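# Tertiary structure, described
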Amino acid sequence: PVLFLHGAPAWSYVWRNVIPHVSKTHRCVALDLLGFGKSDKPATDITWDEHAATFDAFVAQLGLRDYVIVGMDWGGAMGLYHASRHEASVKGLCFFETVLRPNEWKNLDAAFNVLGRALRGQVTGYLIGQVANVMINAFMRISQVRKLSAEEHAQYAAPWPTVASRRVIPAILREMPFDGKPASNAPKVVAYTDWLKATELPKLFFKATPGSFVGAEFAAFVEASFSNMRVVDLGQGVHFLQEDHPERMGKEIAAWLEDTVAVPAAACGPSKPKTSSTTAGDEGGNKDPRPRDPCSPVVQVSALLIKNQSKDKLQGVRSANGPGPVSGFAGLNDQAHDRATSRRVSTTNRVPGSQRLGRRSGSWQHQPRHDCSQRHMSPRPRGPLPPALAATLS
């Protein structure tokens, strides 16, 4: 399996033109991180540890092993942090425009420097990140060489319809360490950077000019520091390299996987016949025809994130398959619900009829979460819901 992790303010839509080149030979999983895309938008700031815990639980619940991580930006940081703690399960790393060493403001390009500092402020972050929606209205327009079409820009804007929905944007900027702050997260970047220097896992690094987060000096550091790494110079590019070079990136990833990364066919588990079951929370007892195989076309995972004093703990991971949000959580008692943070996460869902992720233009279009014409839905249980991590597999 190949896990694709997006950056901010994008969502899994950003991989729409890359994945078709990889999914011909490998199972692909495009996840929307908590607070992004079709994921729930929590009313509180999401910490580094909460992002990491939900991603760890997602991988564990799917039972993935021998997987490859492809990540950029915030998704790249989460992917590398995960890989450094689960090296035995990871078979390769592909990264670009992400955190590959402790950040320093002086190393960023001028636009990202100014914008990043402003977004980290409590007041300025709220005003420009949430109210003015500058990441969509400005940053997305200058983060690739080509000009996005009106439809493409609308797709990127779709997950952020309200001021409250954009809370995650300034929140992750405050979680990302720069010049050693916040002190709670800076050692994590140091630790996985040191691990990257030591590990012999196969690596694929995309670089571009001028870049945004990773400029020429940063790229030179990466090339000099990490071993067993293939470097691909894409030419002109800024931040979202997938928008300027999707075909090249997809083909390079596929070739790299074939040449250097051996992933057993059984890594996604043995194939199982499709079964029917009653969805938890479906008071009518309607049968849910969705398959329960972790390798089925669409898999969804839920996890209960419980606050225990000052430390977050992950408990009670459950799964359900299908093209819609997880609608029920059997076995989670009322006491657990009362203590749970009400967070649900989902990803882009394959439009019925499309054979592979991204093969149809409509397969990546953002649709309202409760569009029952496109989803198999059942009534929600009462009370707060645990976070439901969902991913489209191809």
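What counts as what
Residues numbered from 1 in each chain as written. Predicted model: local features only at pLDDT ≥ 70, side-chain atom pairs only at ≥ 80, totals over all residues. Heavy atoms only, no water. Helix = DSSP H or I, 4+ residues; strand = E, 2+ residues; numbered from the N terminus. Buried < 20%, exposed > 50% of the residue type's maximum accessible area, 1.4 Å probe, protein only. Contact = heavy atoms within 4.5 Å. Areas by Shrake-Rupley, 256 points an atom, 1.4 Å probe, with all protein chains shown as cover. pLDDT = per-residue confidence, 0-100. Axes fitted to C-alpha atoms, helices over the stretch in contact; angles between N-to-C directions. Parallel < 35°, antiparallel > 145°, perpendicular 65-115°, else oblique. Left-handed = near helix turned anticlockwise from the far one by under 90°. Nonpolar A, V, L, I, M, F, W, Y, C, P; charged D, E, K, R; others polar. Polar contact = N/O pair within 3.5 Å; in protein donor to acceptor, adjacent residues only side chain to side chain. Pairing = 2+ DSSP bridges. Salt bridge = Lys/Arg side-chain N within 4 Å of Asp/Glu carboxyl O.

For the chain, the count of helices and strands is 13 helices and eleven strands. Burial statistics for the chain: of 394 residues in total, 58% are counted as buried. Partitioning the intrachain contacts of the chain with sequence separation of at least 6 by distance along the chain shows that 75% fall at a separation of at least 24. Taken as a whole, the chain presents about 15600 Å² of accessible surface, with 53% of it coming from carbon and sulfur.

All right, on to the confidence of the model for the chain then. Chain-level statistics for the chain give a pLDDT mean of 74 and a share of 66% at 70 or above. Within the model, pLDDT remains below 50 along residues 268–363, and this stretch shows 264 contacts once partners closer than five positions in the same chain are excluded. Segment residues 367–386: pLDDT under 50, and 56 contacts once partners within four positions in sequence are set aside and those in other chains are kept.

At their nearest, the axes of helix H3 (residues 73–85) and helix H9 (residues 186–198) sit 9 Å apart, and the two run at 65° to each other. Taken as axis vectors, H3 and H9 run roughly perpendicular relative to one another. The handedness of the crossing between H3 and H9 comes out as left-handed. Contact residues: H3 offers Ala-77, Leu-80, Tyr-81, Ala-83 and Ser-84, while H9 offers Lys-188, Tyr-192, Trp-195 and Leu-196. The residue makeup of the contact of H3 with H9, split by class, is seven nonpolar, one polar and one charged.

Our next topic: the side chain of Thr-98. Position of Thr-98 among the secondary structure elements: in strand S4 (residues 90–98). With a relative accessible area of 0%, Thr-98 lands in the buried category. At 2.7 Å, the side chain of Thr-98 forms a polar contact with the backbone oxygen of Asp-73. In this structure, Thr-98 is in contact with Met-72, Asp-73, Gly-76, Ala-77, Leu-80, Phe-213, Val-214 and Phe-218, ignoring residues within four places of it in sequence.

A word on the pairing of strand S1 (residues 2–5). Residues in a regular strand project their side chains so that they alternate between the two faces of the sheet. The alternating pattern of S1 places Val-2 and Phe-4 on one face and Leu-3 and Leu-5 on the opposite face, and all of these are buried. In this sheet, strand S2 (residues 28–31) lies alongside S1 in parallel orientation, the contact comprising four bridges. Bridge pairing in S2 links Leu-3 to Val-29. Inspection of the sheet shows S1 paired to strand S3 (residues 67–72) by four bridges, in the parallel sense. Bridge pairing in S3 places Phe-4 opposite Val-70.

Opposite charge on two side chains makes pairing possible when the charged atoms of those side chains draw close. Applying the stated criterion across every chain, the model contains 15 salt bridges. Its salt-bridge partner being Glu-223, residue Lys-207 comes within 2.7 Å of it at the nearest N-O pair. Of the two residues, Lys-207 is situated in strand S5 (residues 203–210) and Glu-223 in helix H10 (residues 216–225); the sequence distance between them amounts to 16 residues. Ionic contacts of the salt-bridge type, sharing partners, join the residues Arg-16, Arg-146, Glu-152 and Glu-243 into one network.

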